Structures are given as structure tokens and as C-alpha cells.
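Here is what each chain is made of, one letter per residue.
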Amino acid sequence: MALLGVLGLFAFVFVAAFAPLLAPHSVSKQSLANRLTPPAWVEGGNPSHLLGTDQLGRDVLSRLIYGSRVSLSVGVAAAALGGLLGVAIGLISGYWGGSIADTLFMRLADLQLSFPFLLLALVALMVIGPGLVNLILILGVTGWVIFARLVRGQVLSIRARSYVEAARALGATDRYIVLKHVARNALGSSLALAALEVGRKISQEAALSFLGMGVPPPFPSWGGMLADGRAYISSAWWVSTFPGVAIMLLILSVSQVGDWVAVIIDPKQKK
């Protein structure tokens, strides 16, 4: 399963990287004469539109190929941003556990967790406006909590170990101890969590795009394609089916890679 996940993720990355070469048509070119053309293997299909066309006559395959760029870029960038914020906050809160900073960060985490994610993200996007950069910022900033809690718990355990006490007794500064000893031993599981978070951010981006607060048109996103096809699900199933399958396969591939990374870091998790 890990190998399948790696191969699947590599395939999506390859498609996203070479989208201009692989896409057979323009993603924004409309042709009302060819609207809702079924896939090529279905009766009435057109071989030039392998996966059919949408309600505006745009090629579904081309939009799927370019949509992979949005999903991967948002997923990776948002997970990286949330990871950087969460790890930094977790190191501070854990090493100086019980301090004012620790209490402030943890109460802020509790406050954020008390709000439903979609509601929080929708309100934030309504204030600053939709867009690719704003979407990455919102998903990244709202994703720090899970990293901070994980790292804080590990740091609380690591800071009491003998090698940390020895370094402190030898006169090492707190900054040196955190960077040299604590961070190195606490970041392993964060890498596995980051891999899993990429899939979660891809799902969240699709949900926000489905609600119309993701990447604005005409640039394609899989969540937006799902929203476009929901009115035609009974007559033109391909408009929303193929984006849904692409989201499922990408998240499944990322999840398998994340599980594999977790096993490499901690072999005890191997079943």
C-alpha cells in the first residue's frame, strides 16, 4: 500500500508539473455547442474530449489536470505553514511549560478548536477575500494547533531526560538545548503528521472551493468542479464524478505515504 501511495502521489505530482504539456485543451475555452458532451466511451461522446465537457463546453480532462496544481500546492504549502507555526509554538510551550506563554498558547488553541473549521475559514475568507494565497494562509494558520499540541507533549517529556539535565548542568543556554537536543528528538513525529496533514488540507481546500470561497474562476479547482456539476448529476454525471474520484485518489495516496513515513520514524507503529 505504501508503494501504491508513492506511485500515485508521484503520478499526481508529474501531472501537475507538466500540466501545460499534458492538457489537450484550454481550461477556460468555452464551446456551448459542445456543452455536456459525455466521455469518449459513452454513446454520443467525442474522442477529442476523453472525459467529456462541462456545462460551458470546457474539457473536463484539461481542467482536472490543471486542478491538480491547486490541490497539491495548497495542500503542501498550507501543511508546511501550519507545521512551522505549530512546531515553534509547541517548542516554546513545552520547554517553558506552565509559563504565561504556555498558558496563552494553549488557551488560544482551545479557543480555535471550539469553533467549527468551515465556519472559521469562511468568515476569514469573507473578510480578506478568496484567492490562492489567502486560502493557503487561512488553511495554514488554522492548522497550527495539532502540531503545537503534539510537539508540546513530546517536549514536556524530553526536557526532563538526563541528557537535557546534563547539558543544562554544563552551562548550556536554553536556546542551545532547545535547538540541539529537544527539537531534534521532537520533530520526527511532526514529519509524519505533516504528510497526513497534506491530505487533510487538500480535503479542506476542496470543501471551501465547493462552497465558492476557494480559488476563484476561471482557474479550475476540483472542489469548484464538484460544485459546477452538482446541478447536472442526474444528466451529466461525469462533470462532478471525475473531480470527486481525483480528490479521493490523491488523499488516499497522501495518506498511505504519511502512514509509511510514520512507520519509518517509529517502527513500533508497524502492524
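Above this text you will find the structure in question.
This is a predicted model, so every value here is computed, not measured.

Turning to unusual backbone geometry, a few remarks are in order. Residue Leu36 is not a glycine yet carries a positive backbone phi of 55°. Counting through the fold element by element, Leu36 comes out in the loop between helix 2 (19–22) and helix 3 (60–95).

So, about the packing of aromatic side chains. For the structure on display, the rule yields seven aromatic pairs. With centroids separated by 6.2 Å and ring planes inclined at 80°, the aromatic side chains of Trp41 and Phe242 adopt a geometry described as edge-to-face. Here Phe242 lies in helix 12 (residues 238–265) and Trp41 lies in the loop between helix 2 and helix 3, a separation of 201 residues in the sequence. Accessibility expressed as a relative area gives 55% for Trp41, which makes it exposed. A residue is classified by how much of its surface remains accessible, and Phe242, at 17% relative accessible area, is buried. Here the aromatic rings of Trp237 and Trp238 are separated by 5.7 Å at their centres, their planes lie at 85°, and the arrangement is edge-to-face. Taken together through their ring pairs, the aromatic side chains of Trp41, Trp237, Trp238 and Phe242 make up a single cluster.

The next subject is the environment of Val155. Relative to the helices and strands, Val155 is located in helix 7 (residues 144–158). For the pair Val155 and Ala183, spaced 28 residues apart in sequence, the C-alpha separation works out to 8.0 Å. Residues in contact with Val155, not counting those within four places in the same chain, are Gly90, Leu91, Gly94, Tyr95, Val182 and Ala186.

Here is a general trend for soluble globular proteins: nonpolar side chains tend to be buried in one another's company. Val60, Leu64, Ile202, Trp222, Trp238, Phe242 and Leu250 are the most contacted members of the largest nonpolar core, which has 21 residues in total. Of all the elements in the fold, those that place two or more residues in this core are helix 1 (2–17), helix 3, helix 10 (188–210), helix 11 (222–229) and helix 12. At eight residues, the largest contribution of residues to this core is made by helix 12. Among the nonpolar cores identified, the runner-up in size contains 13 residues, and Leu91, Val151, Val178 and Ala186 belong to it.

Here the focus is the layout of surface pockets. Of the pockets and cavities examined, the largest pocket occupies roughly 260 Å³. Considering the residues around the largest pocket, the lining is formed by 13 residues, among which Phe12, Leu61, Leu64, Trp222 and Ala246 are closest to the centre. Breaking the lining of the largest pocket down by element, the ones donating at least two residues are helix 1, helix 3 and helix 12. Of the residues belonging to the lining of the largest pocket, the class tally is twelve nonpolar, one polar and no charged. The volume enclosed by the second largest pocket comes to roughly 220 Å³. The wall of the second largest pocket is formed by 19 residues, among which Ser209, Val215, Pro216, Pro217 and Gly224 lie closest to the centre. Going through the elements one at a time, helix 10 and helix 11 are the ones with two or more residues in the lining of the second largest pocket. The greatest single-element share of the lining of the second largest pocket, amounting to four residues, is contributed by helix 11.

Our next topic: the packing of helix 5 (residues 117–128) against helix 6 (residues 132–141). Packing of helix 5 against helix 6 leaves a shortest axis separation of 10 Å and a crossing angle of 140°. Here helix 5 and helix 6 pass one another in a crossing that is right-handed. Across the interface between the two elements, Phe117, Ala121, Ala124, Leu125 and Ile128 of helix 5 pack against Asn134, Leu135, Ile138 and Leu139 of helix 6. Of the residues in the contact of helix 5 with helix 6, the class split is eight nonpolar, one polar and no charged.

Below, the discussion takes up empty space enclosed by the protein. Counting across every chain of the model gives one cavity of 30 Å³ or more. Within this model, the largest cavity holds a volume of roughly 40 Å³. Grouping the constituent residues of the lining of the largest cavity by class yields three nonpolar, no polar and three charged.

The rules behind each value
Residues numbered from 1 in each chain as written. Predicted model: local features only at pLDDT ≥ 70, side-chain atom pairs only at ≥ 80, totals over all residues. Heavy atoms only, no water. Helix = DSSP H or I, 4+ residues; strand = E, 2+ residues; numbered from the N terminus. Phe/Tyr/Trp six-rings, centres within 6.5 Å; stacked < 30°, edge-to-face > 60°. Buried < 20%, exposed > 50% of the residue type's maximum accessible area, 1.4 Å probe, protein only. Contact = heavy atoms within 4.5 Å. Core = buried A, V, L, I, M, F, W, Y, C linked by side-chain atoms within 4.5 Å. 1 Å grid on protein atoms, 1.4 Å probe; cavity = no way out; pocket = protein on both sides within 12 Å on 5 of 7 lines; lining within 4 Å. Points joined across faces, edges and corners; volume = space filled by probe spheres on them. Nonpolar A, V, L, I, M, F, W, Y, C, P; charged D, E, K, R; others polar. Axes fitted to C-alpha atoms, helices over the stretch in contact; angles between N-to-C directions. Left-handed = near helix turned anticlockwise from the far one by under 90°.

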